[in-house]
Amino acid sequence: MYIGKAARLSGTTIKSIRHYEEIGLLPAPQRRGAYRIYSEQSVELLMFIKCAQQLGFKLRELQEILWEHPGDALSWERAQQAIADKKHQLTEQITALQ
């Protein structure tokens, strides 16, 4: 699918997708001529990135999670552990602020 459809399906913007590619969060897609072709896996990864950002993850934190095993598919166990760690970190911050 083309970048516009990938953006619509994932709830992101074309600009965000290009940025994620530039910083290495999203692998470079295949090309058909001048057009970028995205897979269903790319859309799932984009949805994960968007959801993680809504949960408070910074792009740099996501880079660390995704770069831990470059080239591998995203491990849901690794993602769940990162979410649990983030939840613990936020709980500690809330406690400290109170």
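Scope of this entry: the structure provided in the associated data block. (Residues numbered from 1 in each chain as written. Predicted model: local features only at pLDDT ≥ 70, side-chain atom pairs only at ≥ 80, totals over all residues. Heavy atoms only, no water.)

## Quick notes on the overall build of the chain
- Along the chain, the regular secondary structure elements total five helices and two strands.
- Its helices and strands in sequence order give the chain the pattern α-α-β-β-α-α-α, from N to C terminus.
- Judged by the C-alpha coordinates and their principal axes, the chain covers about 55 × 25 × 20 Å.
- Of all 98 residues assigned to the chain, the portion counted as buried reaches 33%. (Helix = DSSP H or I, 4+ residues; strand = E, 2+ residues; numbered from the N terminus. Buried < 20%, exposed > 50% of the residue type's maximum accessible area, 1.4 Å probe, protein only.)

## Details of the nonpolar core
- The biggest cluster of nonpolar side chains holds 21 residues, and the ones touching the most others in it are Ile17, Tyr20, Leu25, Leu26, Ile49 and Leu62.
- Those elements giving two or more residues to this core turn out to be helix H1 (3-10), helix H2 (14-23), helix H3 (40-54), helix H4 (59-67) and helix H5 (76-97).
- No other element matches the six residues that H3 contributes to this core.
- With sequence-adjacent residues up to four places away left out, leucine 62 is seen in contact with Leu25, Phe48, Ile49, Ala52, Gln53 and Phe57. (Core = buried A, V, L, I, M, F, W, Y, C linked by side-chain atoms within 4.5 Å. Contact = heavy atoms within 4.5 Å.)

## Considerations on the packing of aromatic side chains
- Under the defined criterion, the tally for this structure stands at one aromatic pair.
- With a centroid separation of 5.3 Å and an interplanar angle of 50 degrees, the aromatic rings of tyrosine 2 and tyrosine 35 are classed as tilted. With tyrosine 2 in the segment before H1 and tyrosine 35 in strand S2 (residues 35-37), this residue pair connects regions lying 33 residues apart in the sequence.
- In this structure tyrosine 2 comes out as partly exposed when scored by relative accessible area, which is 43%. (Phe/Tyr/Trp six-rings, centres within 6.5 Å; stacked < 30°, edge-to-face > 60°.)

## With respect to the pattern of salt bridges
- For the structure shown, the criterion picks out two salt bridges.
- Between glutamate 21 and arginine 36 there is a salt bridge, with its nearest N and O atoms 2.8 Å apart. One end of the pair, glutamate 21, is in helix H2; the other, arginine 36, is in strand S2, with 15 residues separating them in the sequence. Neither glutamate 21 nor arginine 36 differs from the other in exposure class; each is buried. (Salt bridge = Lys/Arg side-chain N within 4 Å of Asp/Glu carboxyl O.)

## Comments concerning the environment of arginine 31
- Secondary-structure assignment places arginine 31 in strand S1 (residues 30-32).
- Sequence separation between arginine 31 and tyrosine 2 is 29 residues; the distance between their C-alpha atoms is 9.6 Å.
- The residues contacting arginine 31, other than those within four sequence positions of it, are Arg36 and Ile37.
- In this structure the side chain of arginine 31 is engaged in a polar contact, spanning 3.3 Å, whose partner is the backbone oxygen of alanine 34. (Polar contact = N/O pair within 3.5 Å; in protein donor to acceptor, adjacent residues only side chain to side chain.)

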